[in-house]
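Fold and geometry: a report
Chain residues, written in single-letter form:
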Amino acid sequence: ALAESFIEADAVFFNRADDSNGAIGDAIRAGCRLWLKAASHCESPADEWPARIAALAGADEYGAREELLRSANLLLGEPALRALVASYEAELDDALAQVRPAGERVERLNWPAGKASAALSLLSEALRDADVLVRSTLKRSPSPNVVQVERFVRAFLDYGHPEGALPWLEGSWAHMEGSRQRLQAQALTALGRTDEAAKIRQRIFEATL
């Protein structure tokens, strides 16, 4: 209860002090992790926690409660995390299905969709599942730009699934072609395809002579 009260008081801290160095945000994030760890030792019914996490995270106005979702695995098992993902995916679908107000030009101005998409991105970290990130991004951006694609690739590599990165490394990344080749070599190395990775690294080396 004390940790939850601390999290819910974040507006008081942010509105009364300068957080240029990020100390307040770091403290709130630490409070979120403490709440998750404390909740994991409570005897409350396990099925009540996803809704409580979603409620606390949904009331976030300063971006500091994101740790509740990013570190939700401290409290929730995979089935509960998957259920939470399904809930946010349904919210995202509903938000995208709404008729956009007059003058709204692009989906990033659809705030409910943006909020649900951000939650899914954080849950993909908790699950270490890049596919959650890819699905949520493609729903809003069916033709992702190279920055988004690079994020997909890095997620697959970070979570130990280099095979998932390879399809996104095909073709050219234009001004980010150097990054594409380095990540492609990294993915191939992780898959044991060292000869192919060596050829790519050789090309990178020769291009920078």
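Scroll up to find the structure.
Residues numbered from 1 in each chain as written. Predicted model: local features only at pLDDT ≥ 70, side-chain atom pairs only at ≥ 80, totals over all residues. Heavy atoms only, no water.

Let's talk about the overall build of the protein
Put simply, the rule is: Helix and strand assignments come from DSSP, with helices taken as H or I runs of at least 4 residues and strands as E runs of at least 2, each series counted from the N terminus. Only protein chains enter the calculation, and the probe is 1.4 Å; a residue is then buried if its accessible area is under 20% of its type maximum, exposed if over 50%, and partly exposed in between. Contacts between residues were defined by any pair of non-hydrogen atoms, one from each residue, lying within 4.5 Å. With residues, only the protein chains shown are counted as cover, and all accessible areas are computed by Shrake-Rupley using a 1.4 Å probe.
Summing up its helical and strand segments, the protein has 12 helices and zero strands in all. In sequence order, the secondary structure elements of the protein are arranged as α-α-α-α-α-α-α-α-α-α-α-α. With respect to the three principal axes, the spread of C-alpha positions in the protein is 60 × 45 × 40 Å. Taken over 209 residues, the protein has a buried fraction of 42%. Within the protein, contacts between residues separated by at least 24 positions form 57% of all contacts whose residues are at least 6 apart in sequence. For the protein, the exposed area adds up to about 11,800 Å²; of that, 53% sits on carbon and sulfur atoms.

Description of the packing of aromatic side chains
To keep it simple, the criterion reads: Two aromatic rings, drawn from Phe, Tyr or Trp (for Trp, its six-membered ring), form a pair once their centres lie within 6.5 Å of each other, and the interplanar angle then sorts them: stacked below 30 degrees, edge-to-face above 60, tilted otherwise.
If you walk through the whole model with that rule in mind, you get four aromatic pairs. With a centroid separation of 5.7 Å and an interplanar angle of 85°, the aromatic rings of Trp 35 and Trp 49 are classed as edge-to-face. Remark: Trp 49 occurs in helix H4 (residues 49-58) and Trp 35 occurs in helix H3 (residues 23-39); sequence separation between them is 14 residues. With respect to class, Trp 35 is no different from Trp 49; both count as buried. Seen from their ring centres, Phe 152 and Trp 168 are 5.0 Å apart, and the 65° between their planes marks the pair as edge-to-face. In this pair, Phe 152 is assigned in helix H9 (residues 146-158) and Trp 168 in the loop between helix H10 (162-165) and helix H11 (177-190), connecting sequence segments 16 residues apart. According to the relative accessible area criterion, Trp 168 is partly exposed, its value standing at 24%.

Considerations on the pattern of salt bridges
How we decide: Criterion for a salt bridge: a side-chain nitrogen of Lys or Arg within 4 Å of a carboxyl oxygen of Asp or Glu.
Within this structure, the stated rule accounts for 15 salt bridges. Across the salt bridge formed by Asp 10 and Arg 65, the nearest N and O atoms sit 2.9 Å from each other. Highlighted residues: Asp 10 in helix H2 (residues 10-16) and Arg 65 in the loop between H4 and helix H5 (67-70), separated in sequence by 55 residues. Among the charged side chains, a salt-bridge network with shared partners connects Arg 33, Glu 66, Glu 67, Arg 70 and Glu 125.

Notes on the side chain of Glu 150
In this fold, Glu 150 is placed in helix H9. Taking the relative accessible area as the measure of exposure, Glu 150 reaches 14% and is therefore buried. Not counting residues within four places of it along the chain, the set of residues in contact with Glu 150 comprises Trp 173, Met 176, Ser 179 and Leu 183.

Points about unusual backbone geometry
Negative phi characterises most residues that are not glycine, and trans characterises most peptide bonds. Of note, the phi angle at Arg 128 is positive, near 55°, even though the residue is not glycine. Tracing the backbone through its elements, the reader meets Arg 128 in the loop between helix H7 (111-127) and helix H8 (130-140).

Some thoughts on the nonpolar core
To keep it simple, the criterion reads: Take the buried residues of types Ala, Val, Leu, Ile, Met, Phe, Trp, Tyr and Cys, join any two whose side-chain atoms come within 4.5 Å, and each joined set is a nonpolar core.
Within the largest apolar cluster, 34 residues are counted, with the highest numbers of intra-cluster contacts made by Trp 35, Ile 53, Leu 68, Leu 69, Leu 75, Leu 76 and Leu 123. When contributions to this core are tallied by element, the ones reaching two or more residues are helix H1 (2-8), H3, H4, H5, helix H6 (78-97) and H7. No other element matches the eight residues that H7 contributes to this core. Apart from the residues within four sequence positions on either side, Leu 75 is in contact with Trp 35, Leu 36, Ala 39, Ser 40, Trp 49 and Ile 53.

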